[in-house]
Each structure stands twice: as C-alpha cells, then as structure tokens.
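# Coordinates in review
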Amino acid sequence: METKLIKIDRQNMDAEGIREGAELLRAGRLVAFPTETVYGLGANALDAEACAEIYRVKGRPQDNPLIVHVADLKMVDSLVREWPEAARRCAEKFWPGPLTMVLPKSSAIPASVTGGLDTVAVRFPSHPVAAALIRRAGIPVAAPSANLSGKPSPTMAEHVRLDLDGKIPLILDGGPCTVGLESTVLDVSGEVPAILRPGGVTQENLAELLGPVEVARLREGEKPKSPGMKYRHYAPQARMILFRGNRARLLAAMTERFARARAEGLRVGILCLEESAAELRELDPDFLFVLGSFDRPQEVAARLFAGLRLCDRQRLDLILTEGIEEEGLGAAVMNRMVKAAGHQLVELN
Ligand code: TXA
Ligand code: MG
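In this report, we go over the structure that sits alongside the text.

Rules used throughout
- Residues numbered from 1 in each chain as written.
- Chains lettered and ligands numbered in written order.
- Predicted model: local features only at pLDDT ≥ 70, side-chain atom pairs only at ≥ 80, totals over all residues.
- Heavy atoms only, no water.
- Pairing = 2+ DSSP bridges.
- Helix = DSSP H or I, 4+ residues; strand = E, 2+ residues; numbered from the N terminus.
- Axes fitted to C-alpha atoms, helices over the stretch in contact; angles between N-to-C directions.
- Contact = heavy atoms within 4.5 Å.
- Salt bridge = Lys/Arg side-chain N within 4 Å of Asp/Glu carboxyl O.
- Buried < 20%, exposed > 50% of the residue type's maximum accessible area, 1.4 Å probe, protein only.
- Arc of directions from axis to C-beta.
- Expected span 1.5 Å × (residues − 1).

## Topic: the sheet that holds strand 14 (residues 287-292)
A sheet is described by the order of its strands in space; here five strands give the open sequence 14-13-15-12-16, paired in parallel fashion. In this open sheet, the two strands that pair with only one neighbour each are strand 14 and strand 16 (345-348). On average, each strand axis in the sheet is tilted by 15° relative to the strand beside it, whichever way the strands run. Summarising the sheet, strand 13 (residues 268-273) and strand 14 pair through five bridges and their orientation is parallel. Across the sheet, the residue bridging to Gly 269 is Phe 287, located in strand 14. In the packing of helix 11 (residues 329-340) onto the sheet, the strands contacted are strand 12 (239-245), strand 14, strand 15 (318-322) and strand 16, and the crossing angle to strand 12 comes to about 140°.

If you want it as structure tokens, here you go:
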C-alpha cells in the first residue's frame, strides 16, 4: 500500500487533506494525524474491524485498550453510561487539551476498543488538525500513538512515516507536537480520581480542581488498572541508564560511568540538559543530544522522544540520561525516562 503524506496548513482547516482523511475514517480505513501531545493512528471507534486493523498495524497487544477521541462534548454522551461529577469539572477546565478520562462505557463501543474493560478512555484534543478531522468525519476516533508497539511515540510526521510507511493510506502532517508526551490518563470511574499515566495536565493541576488525586503505581504481581502500564515502552535499542536526584552529584556520576563504559570500548550517547551540555561535551561522547533547560520542562518533554529516536540511529551500546526534577510536567518526563531506561536508575541523594 502506498502511504500518502499531506501537509496541513494550520490556517486552512478546510484543506483537501482533512476531507480525504475524514472520508478514509468513515470508510473504515486508518489515518495518522497530529495532536498537541503526539501523533495518533486513528480509526472509526464504532467499527470493530477498523479498530482491529490498528492492533495489526502497530503490533499492539490485544488487551491494551485504545483512547477514543472526540471533537465536542455531545460525542461523549453516546460513549459513556454516565458523567461522574469529577469528569464534568475536568472537561470544563481541561478540555480540549492533553487529558484523557476513563469513564463507564456505553454499549456503543466495541469490546475490542476497550480490551474487554467496562470503561472507556475519552479525550478531546486541542490540536486544530485533530479537531477538524474528527468534526469532519462526524464520528468518534479511536487512536493510540502512531508508532510501532515498543517504539517511542511519534512527535513529528517523519517519525510516523519511518514506523508505518506502506502500512496505512494517509499521514496528515501538522508539524511537531507541542506537548511531546502522551496525555494524562485520569480514571474518574471510581471513588477517588486516579492518575494512571502522568502527562501534560499535571497532578498539581488536577488536585487544585478536584482535591485528593491518587497516583497509580504498578506493583509486582498486581493487575494494573491501566493495561498499558505493564508494557515496556519507549525502549531505545541501546541500554539506557537514568541518573536521578541531586544535580550537583549528577554530573560527577555520569562522568564516572562514561569513563568506565569507554574503558570497556562501548559506543556511548548522552541525553542531557542545556546547563550540563558544555561539561559533558568535553568527554567527547559518540552522540550528545540536549533535551532543554531545567527551567523549562516543557522543552524537555517536547524533545525527549525525538532524542530517543535519534539515539537509535547512532548504533550506541549505552545511553546515559540526565533526569530532571519530578515536579509538575517533570513528573511526566521522568515517568517516560524511567520506562525508556527499563528501570535502570542511578539515584543520587
Ligand atoms: O496523548 C495521547 O493520549 C495519545 C494521542 C494520540 O491522543 N494517545 C495515546 O494512546 O497515547 P496509547 O494507546 O498509546 O495509550 C493509551 C493508554 C494506554 O496506556 C492504555 O492502557 C490506557 O491509555 N487506557 C486506554 N483505555 C483505558 C481504560 N479503559 N482503562 C484504563 N486505561 C486505559
Ligand atoms: Mg502508545
């Protein structure tokens, strides 16, 4: 199959590409499209066959449910049995935006979309291309991140092309994603709202509106609330070690680990903050990527996945990554870094 890539001008949502994408979705085909978080791989959420194709194309495990994307609140009514009070308030405050809510599902949603769960994850994206595409199609759109399973989520159309070329009919190119990490997943189907995946809407943002909010952590041997939590994500090909904690001691520890790896003859890459780049560059690593400043976690969030993908093209043996403070958006960044490192952490107090 030939994969068409169409650039969409943000000023012109009437574009031919949007029309073509909407028609493909209505015909049960897949379309990759930009959102403010990451690129999504969309299909008609009410069409079980179309959604099955998403799993095939991504190589995604069947029990990992999809997020259903809407372009207005009316669309949500047909997808859920009820709107808990916390969900109403979050929708008013954070939609459209990088928040996904897990709600009691209605019978309209095929079981294949929700991995057999009694809940459905719903998101109203703010990206103008996503909104225009869904509105034009007039149907809710199931969309996981548009990467092959196990790769970092795509934050540029080029990432999608590298993963899915020849496997889907259309990619809409809306430029780089501004948030760069997947949406916050908030479970509002139980008594206390629980964050299943940290993202662009932070725990602090949510707690301010809702009061106490739990943060779900995956414990050994327990069934995860969100099936996606148990899979190893965003894993670069090279082994990655994440350095977390006291900034003053971080650089010394990274330098020491670097020297050891070099002595073993390894090809070593470094992902670091702007503030450390000059000093780490002195080590002459095989690859160095600056994520952003520690003052601007949104920059680090937006560049992390692109940095991980670049590492894969460098045939590295080892990646040393500098962590950031786990506050606000920093918590979501560190969540993804920990996963990419497969939990190999060096903690510095
Ligand atoms: O930002 C995003 O959310 C992007 C863009 C495309 O919108 N989408 C995305 O989808 O990241 P995906 O499929 O890569 O991640 C969906 C996550 C998974 O961890 C999945 O387990 C969880 O949401 N999820 C989906 N439905 C759920 C449900 N009913 N209950 C609990 N977790 C659910
Ligand atoms: Mg994903």
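Picking up after the structure, the text goes on.
## Some details on the sheet that holds strand 5 (residues 99-104)
Taking strand neighbours across the sheet as the criterion, the 11 strands line up as 1-8-2-3-7-4-6-5-9-10-11 in an open arrangement whose pairing is mixed. The open sheet is flanked by strand 1 (4-7) and strand 11 (214-215), the only strands paired with a single partner. In terms of strand pairing, strand 5 meets strand 6 (residues 119-123) through five bridges, oriented antiparallel. From the neighbouring strand, Val 102 faces strand 6, where its bridge partner is Ala 121. Where helix 7 (residues 203-210) meets the sheet, its contacts fall on strand 5, strand 9 (184-187), strand 10 (194-197) and strand 11, and the angle it forms with strand 9 comes to roughly 35°.

## Points about the pattern of salt bridges
Within the structure shown, the criterion is met by 18 salt bridges. Asp 286 serves as the salt-bridge partner of Arg 262, at 3.0 Å between the closest nitrogen and oxygen. Note that Arg 262 is positioned in helix 8 (residues 247-263) and Asp 286 in the loop between helix 9 (274-281) and strand 14, a separation of 24 residues in sequence. A relative accessible area of 31% means that Arg 262 is categorised as partly exposed. Via salt bridges that share partners, Glu 49, Glu 53 and Arg 56 belong to a single interconnected network.

## Concerning unusual backbone geometry
Across the junction of Trp 95 and Pro 96, the peptide omega takes the value -5°, indicating a cis bond. Turning to its location among the elements, Pro 96 is positioned in the loop between helix 4 (85-94) and strand 5. In the Ramachandran plot, Asp 284 falls in the positive-phi region, its phi being about 60° despite a non-glycine side chain. Checked against the element boundaries, Asp 284 lands in the loop between helix 9 and strand 14. Its identity is not glycine, yet Arg 315 carries a phi of approximately 50°, on the positive side. Mapped onto the elements of the fold, Arg 315 is located in the loop between helix 10 (297-312) and strand 15. For Arg 315, a relative accessible area of 63% gives the class exposed.

## Comments concerning helix 6 (residues 157-164)
Listed as buried for helix 6 are Ala 157, His 159, Val 160, Asp 163 and Leu 164. When helix 6 is viewed along its axis, its buried side chains cluster within an angular range of 155° and face the same direction. Looking at the packing, one finds that the buried side of helix 6 touches strand 1, strand 2 (31-33), strand 3 (40-44), helix 2 (48-58), strand 8 (170-173) and helix 10.

## Digging into helix 10
Its 16 residues place the ends of helix 10 23 Å apart at the C-alpha level, agreeing with the 22 Å of an ideal helix rising 1.5 Å per residue. Three or more residues of helix 10 are buried, namely Val 300, Ala 301, Leu 304, Phe 305, Ala 306, Gly 307, Leu 308, Arg 309, Cys 311 and Asp 312. As for helix 10, its buried residues are in contact with helix 6, strand 12, strand 13, strand 14, strand 15 and helix 11.

## Thoughts on the environment of Asp 163
By secondary structure assignment, the location of Asp 163 is in helix 6. On the basis of relative accessible area, Asp 163 is assigned to the buried category, the value being 8%. Apart from residues no more than four positions distant in its own chain, Asp 163 is found in contact with Asn 147, Leu 148, Lys 151 and Arg 309.

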